[in-house]
Each structure stands twice: as structure tokens, then as C-alpha cells.
Amino acid sequence: PPRSTLFPYTTLFRSLKQEDEYLPWEAFLNNLQYIYSMLLRTRSFGTFKRYNRELISAQYDKVGIQESKDDALLRKYHRINIVQTACSVGHPPCVENAKQLFGTWVNKSSPDTDNPIPMNLRRAIYCNGIRYGGEREWDFLWARYLAANVASEKSLILQSLACSRETWILNR
């Protein structure tokens, strides 16, 4: 049977608004990819994206982008998921914070040794720094890729470079 008949998604959406814990959100976000792919090329996609932006905004306002040493492990995981999702649906505070953090890094005198972006949030921040940036940001991250000597960092940077909305940059 289709997934939509296995669980009433509207019930999940309503109950998720009151939820602040990692596991329910993790389950939701994992299944959200399926719904996203089903609606991506339909006229309902805009409504779906706006609804998700509204749903995620309250969580983003609670967890924010700043990490704390006192955060429990599941809180850190929850923040990673929420920041990635909030930025991907264009939640303005997330996008602005990501651009600001990425811009701070770009302006560092020694960006290869002084990266102010929290390790756990680099995937979201790098991607959105590129998505909402231009040629300067792309060239900056490309230089970090060439200078990186850790395979996981190189892979993360390469994936983030692909977040550009400028196809001509990707074709260089």
C-alpha cells in the first residue's frame, strides 16, 4: 500500500508542533524526504514548502544556531537536523545566520586554521553560504577544498559547492 495510507500525516504534523525532542523530529524529517520527492514537481510544492517553513520555524527559534557546551548529545543532533531543514526551506533567520557565519569565515585572515563555524553545523552553513552567495563565496570554498588535507572535510566541501544556484559556476 502507498505510504500515505499507512499513517495519517496530518496527525503527525499537528502533534509535531508541540514536540521538542530529537527522535520524533528525526523520524519526521527522514520521512519528509519521501513527501518532498513526491511533491517536488507538482503545483502543491510551494504550499508544502511554506507549511514546512512554518512548522520548522518554531523549532529553529527554540534550538537556534549557537551550540552550548552543556547541550546533551540528542540536543546537538536535534539542532543539526533543524538547522539543515530550516535553511533548506528558506527560513529567513536560518538563512541570515548561515550567511553571516559563512561571511565571518570568508573574512578571516587565516581561514584554513581559523574556522568559526561549529563542526556539527558545517554541512548546513557551507551549503547555504554557497546557495545564497556568489562567485566570491564559491571561489573561497573551492580554495578551502584545494587546501584541505582531511578526506571528510574535502567531501563535505565538494558537496557544499554543489549547492550553488548558479549553474555557470558549476560548469567552470
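Anything mentioned here points back to the structure above.
Residues numbered from 1 in each chain as written. Predicted model: local features only at pLDDT ≥ 70, side-chain atom pairs only at ≥ 80, totals over all residues. Heavy atoms only, no water.

Novice: Residues and numbers for the state of the cysteines, please.
Specialist: Per the counting criterion, the structure on display carries 2 disulfides. In this model Cys87 forms its disulfide with Cys94; the gap between the sulfur atoms is 2.0 Å. On the S-S bond that ties Cys87 to Cys94, the torsion sits near -95°, and the link is left-handed. Overall, Cys94 belongs to the buried group, its relative accessible area being 0%. If you count the bonded cysteines of the protein from the N-terminus, they pair up as 1-2, 3-4. (Disulfide = S-S within 2.5 Å. Buried < 20%, exposed > 50% of the residue type's maximum accessible area, 1.4 Å probe, protein only.)

Novice: Requested: an account of the pattern of salt bridges, with residues and values cited.
Specialist: Counted according to the given criterion, the structure contains 9 salt bridges. Its salt-bridge partner being Lys17, residue Glu54 comes within 3.9 Å of it at the nearest N-O pair. Residue Glu54 is located in helix H4 (residues 45-63), and its partner Lys17 is located in the loop between helix H2 (9-16) and helix H3 (22-39); the two are separated by 37 residues in the primary sequence. Relative accessible area serves as the criterion here: at 48%, Glu54 is assigned to the partly exposed category. Among the ionic pairs, Arg172 bridges to Asp139, the shortest N-O distance being 2.3 Å. Taken together, the residues span a long stretch of sequence, with Arg172 in the segment after helix H10 (167-170) and Asp139 in helix H8 (residues 135-147) at a distance of 33 residues. (Salt bridge = Lys/Arg side-chain N within 4 Å of Asp/Glu carboxyl O. Helix = DSSP H or I, 4+ residues; strand = E, 2+ residues; numbered from the N terminus.)

Novice: Would you mind going over the environment of Ile169 in detail, with residue names and values included?
Specialist: Within the secondary structure, Ile169 sits in helix H10. The spatial distance from the C-alpha of Ile169 to the C-alpha of Phe48 is 29 Å, given a sequence separation of 121 residues. When residues no more than four places from it in sequence are discounted, the contact partners of Ile169 are Gly134, Glu135, Trp138 and Ser164. (Contact = heavy atoms within 4.5 Å.)

Novice: With reference to specific residues and values, describe the environment of His91.
Specialist: Tracing the backbone through its elements, the reader meets His91 in the loop between helix H5 (73-88) and helix H6 (92-106). Considered as a pair, His91 and Gly129 are 38 residues apart in the sequence and their alpha carbons are 14 Å apart. Setting aside anything within four residues of it in sequence, one finds His91 in contact with Arg53, Ser57, Tyr60, Asp61 and Ala86.

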